[in-house]
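Structure assessment
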Amino acid sequence: MEDSNKSIGKGINRIDGILKITGKATYATDYPKKNMAYAVLFKSTIAAGKIKSIGSTKAQKYPGVIKIITHENILPLNTKGGLRGGALLQSPEITFHGQHIGIVVAETFEQATAAAHLITVEYNQKEDKIDFDNLAKKPEMPKGKELADLVRGAGKSALADAEVKIEASYETPIEHHHPMEPHATVAVWDVDQVTLYNGSQIINGAQTAAAATLNIKPEQVRIISPFIGGGFGSKGGQWANLVLTAVAAKMVGRPVKLALTRQQMFNSVGLRQRNIQQLSIGATKEGKLLTLAHETISHTAVDSEYIEPCGDCTKVMYEVPNSLISYRVVPMNLILPTYTRGPGKSTGSFALESAIDELAYTLKMDPIELRIKNEPAKDPSNGKPWSSRTTVKCLQEGAKAFGWAKRKSEPGTNKIGDDLIGYGVACGTYPARQRDSSAVIKLSLKNKLVYATIEIAASDLGTGTNTILAQTAADGLGLPVKQISVKLGDSDLPPAAGSVGSVGASSFANAVNDACTKITDELLAKSGKQFFVRPTAAALMISENIADFQTRSDSKAPAEAEKYSAHSFNANFAEVRVNSVTGMVKVTRFLAVTGAGKILNPKTARSQIIGGIVWGIGMALTEESIIDPRYGNFATRSFADYHVPTNLDIGDLDAMFINEKDFIPNKMGVKGIGEVGIVGVAAAVANAVFNATAKRVRSLPITPDKLL
Amino acid sequence: MRSETQNLNHLKQGDCTVNLTVNGEQKILQVQPWVSLLDGLRDHLNLTGTKKGCDHGQCGACTIICDDKRILSCLTLAVMKNGSEITTVEGIAHGDDLHPIQQAFIDHDAFQCGYCTPGQLCSAIGLIKEGKAQTREEVKELMSGNLCRCGANVGIIDAIMEVKAGGGHE
């Protein structure tokens with residue numbers, strides 16, 4: 001039963017919204033500093049080899065230039081300090097096009113930019129690995145243990161006995177995160193302490209990686225990141241530019257600002273890897289799955305291995321006695337891939353949920369019915385019971401709300417004028433986890449009103465962390481939201497998990513909730529009184545006339561959670577119109593139904609899910625980074641070539657939440673929505689395109705040329 | 001209307017003096033001729049509300065209102081706008097009274113990270129003033145120069161449609 005006095009569960013406006021609509025929210029480069037110098041990076045123009053010489057005489061003499069930093073004069077850094085992607089100027093080796101090879105520091109941004117263009121570099125070039133199609137013919141075994149072949153039952157060999165088979169290969173391109181705020185840092189040293197203003201999804205992670213790389217202690221580094229202009233994984237692990245700014249500031253003895261250009265974003269801060277996914281499904285004529293194999297070939301970097309695991313959804317989505325999940329990698333001379341929204345699950349679900357759709361058409365069965373028929377009673381990957389599983393509810397409630405019954409089951413038969421109409425469905429999932437986080441609550445009594453300050457080194461990417469923590473504290477302390485202020489985004493605050501992998505809301509809100517319980521307990525003990533009804537912390541501050549009181553709580557996931565498999569689940573419904581003359585696809589309607597436990601704020605949660613849908617539409621229809629095979633750089637290197645969805649591309653999008661109460665994963669019953677929102681979206685669009693056109697496009701993005 | 005050549009006379013000098021009225025206040029910029037209006041506002045006048053998303057006129061984050069028109073401040077040199085009247089996100093509200101589009105953005109949750117928001121707001125004000133876009137589809141099209149990577153598009157268009165219809169908090 002909902003308590004109308006509670007703030008949690010109410011769709012209140014963002015508490016930091018006022019700062020964002022008045023220009024007062026401060027992002028990394030919004031900190032004016034006295035005597036600040038500007039740094040600009042220059043980058044390699046080859047993909048593999050070694051720097052022979054760097055000609056910087058002209059640049060040195062350019063007006064305003066303070067210093068030029070290259071591998072020849074940079075301070076020594078620890079290349080294994082926890083930053084991603086190398087490029088720390090510690091050697092002349094080049095492993096990808098666009099690797100940072102130097103920094104120009106000047107009085108102004110314009111002078112640094114102009115001087116960087118005067119630098120000449122000679123290389124000893126060697127043969128590079130950039131031809132994915134060719135290299136993918138002979139992929140390598142991955143080094144990561146978590147990527148070892150996973151075989152259940154008879155694995156893929158059971159395919160031979162199946163009555164119905166689907167064997168298909170799905171391709172997804174390199175994608176880039178492109179948060180609207182390009183990665184940027186302002187570094188300010190005070191003797192041996194450095195303050196780094198830098199958008200960071202993981203505040204403490206940025207702090208420890210920067211410190212280790214700079215060969216100093218974590219307490220000598222302070223990360224300040226109250227607002228982040230989007231990240232989507234690219235500001236999770238930190239990249240060389242963070243520490244190069246700090247080094248530049250140290251070497252010139254002044255505050256330094258270094259902002260990546262949009263062009264530099266393509267080869268500085270990770271990307272979503274390219275994949276070829278082979279799906280093999282064996283089933284009975286009645287639609288019971290017998291075998292499911294998901295074999296992925298992904299590109300990775302030559303000097304370091306990271307891939308998003310595309311087989312993750314396949315491990316848990318369907319009841320099937322025989323299965324194989326495998327990974328092979330193709331090292332390439334490109335920047336290290338990294339976590340990108342719905343890592344592995346968004347790309348993996350495109351392949352899996354397309355293949356399931358193909359099976360449904362082959363069986364002439366409704367794809368919703370086929371999915372429900374293969375619903376697993378427990379987690380097939382580890383045999384653990386589900387903490388709860390909402391897939392069927394998501395499908396059924398979504399089908400009703402979306403009007404699934406209006407779908408024409410025969411593809412290519414729903415035509416209005418030149419437009420072919422199609423409906424598609426696809427499911428998704430993402431694990432629900434709580435990570436260690438600490439929070440401090442400070443209460444004060446002023447003019448008979450109690451005010452609370454929440455302190456936690458959490459981050460708010462725009463997901464609504466500030467707001468949900470204020471709501472959590474409001475309920476936990478017995479205060480209105482307006483008497484609560486939230487301090488986050490600063491490594492001087494109590495340590496917390498990151499806004500990554502859908503762990504933010506559960507980790508931060510549980511930490512704040514635990515701190516509320518603890519401070520109430522402590523105030524009760526301090527009062528020395530017995531109460532019939534447990535008073536709130538706010539009431540105790542007033543009745544005991546306490547001016548100031550504070551406590552800290554360190555929270556962990558409940559031990560019990562380990563015994564269960566806990567996930568958020570969704571079902572995605574797409575309606576597309578495909579122009580039969582131009583091949584243009586328009587997503588006219590989309591509904592995502594999500595079971596993610598307790599929804600702390602339905603308004604910000606809806607926005608987050610809709611954001612995931614927009615990302616999925618971009619993935620399905622427009623986003624693709626193309627490599628120029630002559631040089632190994634990206635031919636697509638601006639927003640003119642890399643197409644993120646615009647306002648005009650977006651149709652009628654909606655999000656619904658299942659009323660789910662699952663307190664196994666954590667006390668608050670919060671399962672996370674950041675990642676799951678994109679999972680299944682591209683498949684739903686692709687399946688709708690098939691329903692509209694009878695053409696199965698197995699390679700993203702679905703551009704008009706693939707339909708004509 | 002001033003001619004562009006008149007404004008470009010400053011180029012002959014080293015540091016150029018640019019007189020601007022920004023959010024109702026007289027401001028003097030002393031900048032080199034190649035400093036963009038965006039960098040002039042941010043780095044020289046400390047008006048950091050206006051954002052740099054691409055510096056190439058492709059994302060709209062730097063949109064401001066200049067002489068009653070929405071322009072991309074990254075594609076504009078500061079020296080081109082001597083004598084101009086400029087409104088940035090910091091100047092949209094009148095004191096504590098929010099502009100209706102600001103309140104509508106809050107009500108419709110028309111942003112997440114907030115980085116594109118200053119540009120979206122200025123662009124929306126410019127669009128409404130232009131009076132060209134009438135239907136929702138037209139508004140979407142004429143707001144497509146402003147990218148939002150968080151995917152707040154639905155809220156953005158809802159907010160603009162509400163203000164266009166005279167709803168909200170006039």
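That block above? That's the structure.
Just so it is clear, the model here is predicted, and its values are computed rather than measured. (Residues numbered from 1 in each chain as written. Chains lettered and ligands numbered in written order. Predicted model: local features only at pLDDT ≥ 70, side-chain atom pairs only at ≥ 80, totals over all residues.)

One finds Ala39, Val104, Val243, Ala473, Val512, Val685 and Val689 of chain A to be the most contacted residues of the largest nonpolar core, which totals 273 residues. In this structure Val685 of chain A touches Gly424, Ala574, Val576, Val587, Gly616, Ile617, Ala620 and Leu621 of chain A, once residues within four positions along its chain are discounted. (Core = buried A, V, L, I, M, F, W, Y, C linked by C-beta atoms within 7 Å. Buried ≥ 20, exposed ≤ 12 C-beta atoms within 10 Å, placed from the backbone. Contact = placed C-beta atoms within 7 Å.)

Before going further, it helps to spend a moment on the packing of helix H11 (residues 465-477) of chain A against helix H12 (residues 504-527) of chain A. Helix packing geometry: the angle between the two helix axes and the distance between the axes. Residue and element names in this part refer to chain A. Packing of H11 against H12 brings their axes to within 9 Å, and their N-to-C directions diverge by 25°. Considered as vectors, H11 and H12 are oriented roughly parallel to each other. The hand of the H11/H12 crossing is right-handed. Taking contact as the criterion, the partners of Thr465, Ile468, Leu469, Thr472, Ala473, Gly476 and Leu477 in H11 are, on H12, Gly504, Ala505, Phe508, Ala509, Val512, Asn513, Cys516 and Thr517. Counted by class, the contact of H11 with H12 contains nine nonpolar, six polar and no charged residues. (Axes fitted to C-alpha atoms, helices over the stretch in contact; angles between N-to-C directions. Helix = DSSP H or I, 4+ residues; strand = E, 2+ residues; numbered from the N terminus. Parallel < 35°, antiparallel > 145°, perpendicular 65-115°, else oblique. Left-handed = near helix turned anticlockwise from the far one by under 90°. Nonpolar A, V, L, I, M, F, W, Y, C, P; charged D, E, K, R; others polar.)

For the rest of this paragraph, the subject is the environment of Thr536 of chain A. All names here are of chain A. Note on placement: Thr536 falls in the loop between H12 and helix H13 (537-543). Here Thr536 falls in the partly exposed class, since 18 other C-beta atoms lie within 10 Å of it. With 21 residues separating them in the primary sequence, Thr536 and Ala515 have C-alpha atoms 13 Å apart. Setting aside its immediate chain neighbours within four residues, Thr536 contacts Leu477, Gly478 and Thr520.

We now examine helix H10 (residues 391-402) of chain A. All names here are of chain A. With 12 residues, H10 should cover 16 Å at 1.5 Å per step; its first-to-last C-alpha distance of 16 Å lies within 8% of that length. Within H10 the residues assigned to the buried category are Thr391, Cys394, Leu395, Gly398, Ala399 and Phe402. Looking straight down H10, one finds that the buried residues subtend no more than 120° of arc, so they occupy a single side. Buried residues along H10 sit in contact with helix H9 (367-373), strand S17 (419-431), strand S22 (567-579), strand S23 (585-595) and strand S26 (652-657). Just past H10, the residue Gly403 takes up positive phi, approximately 80°. (Expected span 1.5 Å × (residues − 1). Arc of directions from axis to C-beta.)

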